[in-house]
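Listed here are the chains, written in short residue letters.
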Amino acid sequence: MATFDSRDMLLGLSKEQLVDIIEMHSKSCIALDGVWFQSVERAEGMDAAMQHDANAWERFTATEARRIKKFLGLDEHPGLDGLDQALRFRFYANLNEQEIDRDGNRLVYTMRVCRVQQARARKGMPYHPCKPVGLVEYGGFARAIDERISCRCVSCYPDVEDDTCSCKWEFTLDE
């Protein structure tokens with residue numbers, strides 16, 4: 001039996017190979033999220049799937065934010081600057097077309113193209129009604145970066161106010 005150290009294997013790869021592995025694992029995480037969601041959706045219906053999804057994202061997004069915060073060396077209250085940095089390191093940040101706009105005490109995060117909605121459309125499935133879970137996900141992520149940050153949905157299915165994007169979220173710092 002051969003033993004191996006994955007960290008040593010990764011250290012031996014080129015930067016391009018590491019980026020490729022990150023992209024592969026990001027796609028795998030999104031696929032896993034979709035597979036379990038669709039399993040519950042088929043077995044118990046959309047309402048049950050949405051409740052389980054919200055519960056999962058509530059826990060996951062806070063964990064993800066804390067890990068990113070530590071990785072970036074952010075202090076306890078990094079404000080919108082810290083959130084701006086952290087959003088760029090989310091596990092799916094390298095897969096979706098997105099943008100961040102800053103205007104004083106306001107940060108607007110726009111998901112231009114969402115892989116989840118694209119995949120559902122390709123499969124002939126209705127769009128995922130992600131606004132309720134998005135409020136849990138994005139609000140929880142922001143509060144884990146800095147509890148003074150609040151989140152508001154600007155546009156997200158099924159409440160689409162901006163048809164130029166998949167979703168849009170506004171973050172403000174409550175000082």
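Residues numbered from 1 in each chain as written. Predicted model: local features only at pLDDT ≥ 70, side-chain atom pairs only at ≥ 80, totals over all residues. Heavy atoms only, no water.

Notes on the pairing of strand β1 (residues 97-103)
In the case of a regular strand, side chains alternate between the two sheet surfaces. Short version of the rule: Two strands pair if DSSP finds at least two bridges between them. Going along the chain from the N terminus, every DSSP run of H or I of four or more residues is numbered as a helix, and every run of E of two or more is numbered as a strand.
Bridge analysis of β1 against strand β2 (residues 106-113) gives seven bridges, and the strand direction is antiparallel. Directly across from Arg102, in β2, lies its bridge partner Leu107. What sits between the antiparallel neighbours β1 and β2 is a turn of two residues, in which Gly104 has the positive phi angle 60 degrees.

Observations concerning the environment of Glu41
What counts here: What makes two residues a contact is simply this: any of their non-hydrogen atoms within 4.5 Å.
Turning to its location among the elements, Glu41 is positioned in helix α2 (residues 15-44). Separated by eleven residues in sequence, Glu41 and His52 have C-alpha atoms that sit 9.8 Å apart. Leave out the neighbours within four places in its chain, and Glu41 touches Met46, Ala49, Arg120 and Met125.

Looking at helix α6 (residues 131-145)
Threshold: A helix is expected to span 1.5 Å for every residue after the first. A simple rule labels every residue: compare its accessible area, found with a 1.4 Å probe on the protein chains alone, to the largest value its type can have, and call it buried under 20%, exposed over 50%, or partly exposed in between.
Here α6 spans 21 Å end to end across 15 residues, near enough to the 21 Å set by a 1.5 Å rise per residue. Among the residues of α6, Val133, Gly134, Glu137, Tyr138, Gly139, Gly140, Phe141, Ala142 and Ile145 are the ones counted as buried. Where α6 is buried, its residues meet α3 (46-72), α4 (79-87), β2, β3 (149-156) and β4 (167-173).

Considering unusual backbone geometry
Peptide bonds are trans in most cases, and residues, glycine excluded, mostly fall at negative phi. Cis geometry is found at the peptide bond from Tyr157 to Pro158, where omega equals 15 degrees. One can find Pro158 in the loop between β3 and β4.

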